[in-house]
Amino acid sequence: MSEKQVSPAVKIGLELGPVFLFFAGYITTRGQSYTLGGTEYDAFILLTAAFIPLMALATFVLWKLSGRLSRLQLVTLIMVVVFGGLTVWLNDERFFKMKPTAVYAIFALLLGLGLTRGQSWLELVMEGALPLTHDGWMLLTKRLALMFAAMACANEFVWRTMTTDAWVNFRTFVLPLALFGFFMAQAKLFERYKRDFND
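Values in this document were obtained by computation on a predicted structure and should not be read as measured data. (Residues numbered from 1 in each chain as written. Predicted model: local features only at pLDDT ≥ 70, side-chain atom pairs only at ≥ 80, totals over all residues. Heavy atoms only, no water.)

*Asks:* I would appreciate a short explanation of the packing of aromatic side chains in the present structure.
*Replies:* Each pair of aromatic rings is reported with the distance of its centres and the angle of its planes. Counted by the stated rule, this structure contains 14 aromatic pairs. Between Phe 23 and Phe 173, the ring centres sit 4.9 Å apart and the planes meet at 80°, which makes this aromatic pair edge-to-face. Here Phe 173 lies in helix 7 (residues 164-184) and Phe 23 lies in helix 1 (residues 8-29), a separation of 150 residues in the sequence. Taking the relative accessible area as the measure of exposure, Phe 23 reaches 16% and is therefore buried. Classification of Phe 173 by relative accessible area gives partly exposed; the value is 33%. With a centroid separation of 5.3 Å and an interplanar angle of 55°, the aromatic rings of Phe 107 and Phe 148 are classed as tilted. Here Phe 107 is found in helix 4 (residues 94-116), whereas its partner Phe 148 is found in helix 6 (residues 134-161), with 41 residues between them in sequence. One exposure class covers both Phe 107 and Phe 148, and it is buried. Joined through ring pairs, the aromatic side chains of Phe 22, Tyr 26, Phe 44, Phe 51, Phe 96 and Trp 167 make up one cluster. Seen from the ring of Phe 44, Lys 97 lies directly overhead, with NZ or CZ sitting 6.0 Å from the centre. (Phe/Tyr/Trp six-rings, centres within 6.5 Å; stacked < 30°, edge-to-face > 60°. Helix = DSSP H or I, 4+ residues; strand = E, 2+ residues; numbered from the N terminus. Buried < 20%, exposed > 50% of the residue type's maximum accessible area, 1.4 Å probe, protein only. Lys NZ or Arg CZ within 6 Å of the ring centre and 35° of its normal.)

Below, the structure written as structure tokens:
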């Protein structure tokens, strides 16, 4: 399937929509529990069970609209299925809370591994989405690997030391805004290492 252009608003909606729906569901059901098949489940667990197919559906729709999925999107979906599935199966919310830690740690390790080989795997994943020189990609990759490592550590700290309410707010708002802020802060890098396609 050839790649097609998708409206940025639609793309953001499909990528972040499931997260915000999870947040909305959590806000309206927090503290509640339900008994299904003789087993008591916290609302958080049931929301996780709903989040998995919702995330899969959003990813599928994005693939149908665009004709492709990035490796980052595929890894994220796999982590949602694995850690979300463990959360529901074992009736233990800790696994779902660990998922961002695992995702960000894997991204940091993969980017770091590429750097040790003198390669920017970020450039390969983004497939030239940003007009940067090789040196620019290497520097951006190094910074993003460190950012992902910091986000993994931050998530681990928050879910282990704070309430579920605090973690849900952190996961829904702080982590996405931190990543957005990171890329906004790279404006000088983008300008300095901008590649001229006419070269």
